[in-house]
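Listed below are the residues making up each chain.
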Amino acid sequence: MAKLILLYTSLCLLVLFNECLATKTSGQQQQFNRCQLDRLDALEPNNRIKAEAGVIESWDPNDRQFQCVGVAVVRRIIEPNGLLLPQYDSAPQLIYIQSGYGILGAVLPGCPNAYQESQQHQQGQQPDQNQKIRNFRLGDIIALPAGVAYWLYNDGDSEVVALSLLDTNNQANQLDKNPRHFYLAGNPEDEFQLQGRSPRGQRRQQQQGQGRRERGQQQQQGQGNNLFSGFRTEDLADAFNVDEETIRNLQGFQEDRKNIVKVKGRLQVARPPRSREERERLERQEREQEREDEREQQRESRRGGREEREREERQQEREEEREQERERRESRRGGRGRDNGIEETLCTLRLRENIHDPSRADVYNPQAGRISTLNSHNLPVLRWLQLSAEFGRLQRDAIYVPHWNRNAHSVIYVVKGRAQVQVVDDFGQAVFDDELQQGQILTVPQNFAVVKRASSSEGFEWVAFKTNDNAQISPLAGQNSVLRAIPADVLANAFQLSQEDVSELKSNLDQQEITIVRPSRSSSQRKAIA
């Protein structure tokens, strides 16, 4: 009898092990198949929500390219005096500020409410307290861990355009791969719905309707889609020790302003105020950005020159002085130094860094453009999120040499201009060979080779999000080319070249810039010479 029980138990364990192995293999195979892409497309938003004080546009997260990379992308356009309602997300995210400036509130669990209102403005009431409020501006990258509640407010005079990338494949997201926004307020719409409400939204609506019927509540004016709306009103009233009318406002049953709302008057929060000088400086920076674009066009016609280089140096010096002043000001507000991550605690983590600043460029060629990278070395919180970013600007006809991302997927968003982009897969096939324009997104899977060439009529600007906190590239051309590091005889035999041809090839690589080049001769001229 004991032998039969042991045999039966062994068979059950064997079957269970095989099922687990098959499930794991199936999951790996499914993930592998998602990246079997024979063609990539330049993607544009296909869902649009008009809110009271802005617009939300999202890309289809079920597109094969996003499924391969494991991300979702949404763009919020916030009008002046507009407030993106408090929320948190199931996955870590990076927010790129494409235009405008404002303030960010991020609530880190367990951290103190270090900001307090003056008692002079709250006579007869307890002074309000809140966690640190951070300013943001054009060119900032904001890093937010999964599950951290946040909100954005536009306190400027122009629109704020904020592009968010959610890394749904991140290990911090233990739900499914669907992007999920958990709103704490209002009556928001699902930002990633395609046609009507998503099945998840329909189920939530049905469950809420059934729950209200069971409780005998008649809420006909609207549907609450925030977290509070799913709880019983009386339970929340007891938990918060307030009346039920207040709770119904929290539940948002009668709200119809959607995800971005208009603030009555101006938002009054406890934070170090922006001085008039700082506001003027931000406005000057926006104007300087426009003038810099004009100067680049002028440089294109003159192809450099001593006077132009001197002006660039003076401009760079002024930018460095402004950066130093900003760092000193942030340091006085709470230690905004370039820490190495050891002395930074959760409550003092820097969550933002400006990637537009020319003085922090990692690659700079006055005749071709610049590239700035943001990784866990200069923003330690990215080590936690396992994400990084890259900002690039190419002048007309300049080339970002062919390269591949060695340890990360890349999601390219076009900020301005146009470029001819090619992407080549592991079979040597061009899976993308087309023009990439402003507002479009292109995903480049890990190890796929890519080259960008700016339009001959205008420059090209982009921001790329990468799924590794220290993403690295391997260039095929330029001073750091992999070909330059391979022995000449290996290249001669591999490519059937003469030693003279290999020597010329390596010599040309030695004379090139690192990753951004301007062709010395056009392709038509080279054909004529040949």
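Residues numbered from 1 in each chain as written. Predicted model: local features only at pLDDT ≥ 70, side-chain atom pairs only at ≥ 80, totals over all residues. Heavy atoms only, no water.

As recorded in an unreviewed UniProt entry, the chain goes by the name 11S globulin isoform 1, listed as coming from Castanea sativa. The Sequence similarities (unreviewed entry) comment attached to the chain in UniProt states, word for word, "Belongs to the 11S seed storage protein (globulins) family." Under the Subunit (unreviewed entry) heading, UniProt states for the chain: "Hexamer; each subunit is composed of an acidic and a basic chain derived from a single precursor and linked by a disulfide bond." (UniProt positions renumbered as here; feature names shortened; annotations may be inferred.)

A. Spotlight on the state of the cysteines. Applying the stated criterion to the full structure yields two disulfides. Cys-35 shares a disulfide with Cys-68; S-S distance 2.0 Å. Torsion about the S-S bond of the Cys-35 and Cys-68 cystine: about 100°, corresponding to right-handed handedness. Taken as a pair, Cys-35 in the loop between helix H1 (2-34) and strand S1 (47-51) and Cys-68 in helix H2 (residues 64-69) lie far apart in primary sequence, 33 residues in all. Each sulfur in the disulfide pair Cys-111 and Cys-347 lies 2.1 Å from the other. Taking the sign of the torsion about the S-S bond as the criterion, the disulfide between Cys-111 and Cys-347, at about -95°, is left-handed. With Cys-111 in the loop between strand S6 (102-107) and strand S7 (115-116) and Cys-347 in the loop between helix H7 (306-334) and strand S15 (352-354), this pair connects stretches of sequence that are 236 residues apart. The class of Cys-111 is buried, set by a relative accessible area of 12%. If the cysteines joined by disulfides in the chain are listed in sequence order, their pairing comes out as 1-2, 3-4. (Disulfide = S-S within 2.5 Å. Helix = DSSP H or I, 4+ residues; strand = E, 2+ residues; numbered from the N terminus. Buried < 20%, exposed > 50% of the residue type's maximum accessible area, 1.4 Å probe, protein only.)

B. Geometry of helix H10 (residues 499-511). The end-to-end C-alpha distance of H10 is 19 Å, a good match for the 18 Å that 13 residues give at a rise of 1.5 Å each. Of all the positions in H10, only Val-502, Lys-506 and Leu-509 are classed as buried. One side of H10 holds all its buried residues, which, seen down the axis, span an arc of 55°. Of the exposed residues in H10, the ones pointing more than 90 degrees away from its buried face are Glu-500 and Gln-511. Structurally, H10 contributes buried residues whose contacts are with helix H9 (488-495). (Expected span 1.5 Å × (residues − 1). Arc of directions from axis to C-beta. Contact = heavy atoms within 4.5 Å.)

C. Main features of the nonpolar core. Trp-59, Leu-94, Tyr-96, Ile-141 and Phe-465 are the most contacted members of the largest nonpolar core, which has 66 residues in total. Among the elements that make up this core, the one with the highest residue count is strand S12 (residues 160-166) (five residues). Split by domain, the residues of this core number at least three in each of domain 1 (38-116 + 126-193 + 223-292) and domain 2 (353-523). Apart from residues no more than four positions distant in its own chain, Phe-465 is found in contact with Leu-94, Tyr-96, Ile-141, Leu-163, Leu-165, Ser-388, His-409, Ser-410 and Val-411. Counting residues in hydrophobic clusters, the runner-up holds 26 residues, among them Leu-40, Tyr-400, Val-423 and Ala-454. (Core = buried A, V, L, I, M, F, W, Y, C linked by side-chain atoms within 4.5 Å. Domains from an automatic or database assignment.)

D. Representation of the packing of aromatic side chains in the model. Under the counting rule described, the total for this entry stands at five aromatic pairs. Ring geometry for Trp-59 and Tyr-413: centres 6.4 Å apart, planes at 90°, overall edge-to-face. Of this pair, Trp-59 sits in the loop between strand S2 (54-58) and H2 while Tyr-413 sits in strand S20 (residues 410-424), and the two are 354 residues apart along the sequence. Tyr-413 carries the same exposure label as Trp-59, and that label is buried. Plain terms: the ring middles of Phe-460 and Trp-462 are 5.5 Å apart, the flat faces sit at 25° to each other, and that makes the pair stacked. (Phe/Tyr/Trp six-rings, centres within 6.5 Å; stacked < 30°, edge-to-face > 60°.)

E. Structural context of the pairing of strand S5 (residues 93-99). By the criterion of burial, S5 is predominantly enclosed, with six of the seven residues buried. Here S5 pairs with strand S10 (residues 140-144) via four bridges, running antiparallel. Each residue of the ladder has a partner; that of Ile-95, found in S10, is Ile-142. Pairing of S5 with S12, which is carried by six bridges, proceeds in the antiparallel orientation. Pairing of Ile-95 across the sheet is with Ser-164, part of S12. (Pairing = 2+ DSSP bridges.)

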